[in-house]
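Read off the chains here:
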Amino acid sequence: MIYPIVKYGDSVLETPATPVREFDPKLHKLVEDMFESMYAAHGVGLAAPQIGISKRIAVIDVTFKEDPQAKLVLINPEIIHSEGRQSQNEGCLSIPEFRESVTRARKVTVRAQDIDGNWFERSGEDLLARALLHETDHLNGKLYISHLSALKRDLMKRKIRKLMKAGQW
Ligand code: NI
C-alpha cells in the first residue's frame, strides 16, 4: 500500500515519535509499505511520521533500488557516533520542491533494531551518513530546516505559507 506523504505544517512531523515495542507481522507490513511509499515518491529515505504514523521507524535506500543490499530498516535508531563535516544540498519528501545546503557530520554510526527486534550498529559516510541523520532527526520531530540559518528558514517558511494560501501545498 502506498501512503500519501504528510507535508510540512502537519504537527506529526514536529512531534517526537514513540518507540516500537511489538515486532509483529503488522510491523513487517508497515515497513514494506514504507519502502513502497518512499519509492513511489522518488525518495531515498522515509520516516514513519511522514506517513502520519508517529513511531520510531525509518527506511533508507541511498541507491534507489540499484542495490537490494542497500535497503536499510531502522527501528528505534540512535546516532551513537559522528565525526567530520560535510555540506550538501538536502531535500525532504515532506517539503517538496525545496532544497538547501545543510552541514552535517560526514561519518556516523547508528544503533538500531531490525525488523525482528535485534539490535545492530551500522556506520555510513557521505550520503548514507546524511540520510541516517536526516531520518533519525525526523523521529525526534526535527526537520532539516532546523539546521538552516534563521534567515534562510524564515524565508522558506514564508514561501511555504504563500503556497498554502494559494492552495498549492
Ligand atoms: Ni525528510
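Treat the numbers as computed from the prediction; the structure is a model and nothing was measured. (Residues numbered from 1 in each chain as written. Predicted model: local features only at pLDDT ≥ 70, side-chain atom pairs only at ≥ 80, totals over all residues. Heavy atoms only, no water.)

A. Here's a closer look at the coordination of the nickel ion. With distances of 2.1 to 2.3 Å, the protein atoms coordinating the nickel ion are C92 (SG), H134 (NE2) and H138 (NE2). Motif for the nickel ion, donor spacing along one chain: C-x41-H-x3-H. In this pair, C92 sits in the loop between β4 (86–90) and β5 (100–104) while H138 sits in helix α2 (residues 126–139), placing the two residues 46 residues apart along the sequence. A single burial state applies to C92 and to H138, both of which are buried. (Donors = N, O, S within 2.8 Å, 3.2 Å for Na, K, Ca; no water. Helix = DSSP H or I, 4+ residues; strand = E, 2+ residues; numbered from the N terminus. Buried < 20%, exposed > 50% of the residue type's maximum accessible area, 1.4 Å probe, protein only.)

B. Quick peek at the nonpolar core. Within the largest apolar cluster, 17 residues are counted, with the highest numbers of intra-cluster contacts made by V31, M34, F35, I57, V59 and I75. Sorting the residues of this core by element identifies α1 (25–40), β2 (57–60) and β3 (72–83) as the ones contributing at least two each. Sort the elements by how many residues they give to this core and α1 lands first, with 7 residues. (Core = buried A, V, L, I, M, F, W, Y, C linked by side-chain atoms within 4.5 Å.)

C. Structural view of the side chain of E90. Its place among the elements puts E90 in strand β4. Within the local environment of E90, its side chain forms a polar contact with the side chain of R104, the two groups lying 2.8 Å apart. The contacts of E90, once residues within four sequence positions are left out, are F98, R99, E100, V102, R104, R130, H134 and Y144. (Polar contact = N/O pair within 3.5 Å; in protein donor to acceptor, adjacent residues only side chain to side chain. Contact = heavy atoms within 4.5 Å.)

D. View of the sheet that holds strand β1 (residues 45–47). As summarised here, the arrangement of the 5 strands in space is β1-β2-β3-β6-β7, forming an open sheet in which the pairing is antiparallel. Edge positions in the sheet fall to β1 and β7 (119–125), since each has one partner strand and no second. Ignoring strand direction, the axes of neighbouring strands in this sheet form an average angle of 35°. This element, α1, spans β1, β2 and β3 of the sheet and lies at about 45° to β2. Taken strand by strand, α2 contacts β1, β2, β3, β6 (107–113) and β7, and its axis lies near 125° from that of β7. (Pairing = 2+ DSSP bridges. Axes fitted to C-alpha atoms, helices over the stretch in contact; angles between N-to-C directions.)

E. Broad picture of the layout of surface pockets. In this structure, the largest pocket spans a volume of roughly 430 Å³. In this structure, the largest pocket is lined by 21 residues; those nearest its centre are V44, G91, C92, L93 and R99. Among the elements of the structure, β4 and α2 are those that each provide at least two residues to the lining of the largest pocket. A per-element tally of the lining of the largest pocket places α2 first, with 6 residues. Residue composition of the lining of the largest pocket, grouped by class: 8 nonpolar, 8 polar and 5 charged. Here the second largest pocket defines a volume of roughly 170 Å³. Taken together, P19, V20, R21, E22, D24, K26, L27, L30 and K55 make up the lining of the second largest pocket. Here the residues of the lining of the second largest pocket sort into 4 nonpolar, no polar and 5 charged. (1 Å grid on protein atoms, 1.4 Å probe; cavity = no way out; pocket = protein on both sides within 12 Å on 5 of 7 lines; lining within 4 Å. Points joined across faces, edges and corners; volume = space filled by probe spheres on them. Nonpolar A, V, L, I, M, F, W, Y, C, P; charged D, E, K, R; others polar.)

F. Seen up close, the side chain of N76. You can see N76 is positioned in strand β3. Judged by its relative accessible area of 7%, N76 falls in the buried class. Only 2.8 Å separates the side chain of N76 from the backbone nitrogen of V20, close enough to count as a polar contact. Here Q113 takes part through its side chain, which lies 2.8 Å from a polar atom of the side chain of N76.

G. Focus on the pairing of β5. The alternating pattern of β5 places E100, V102 and R104 on a buried face, while none of S101 and T103, on the opposite face, is buried. When β4 meets β5, the two strands line up antiparallel, connected through 5 bridges. Paired with Q86 across the two strands is R104, which belongs to β5.

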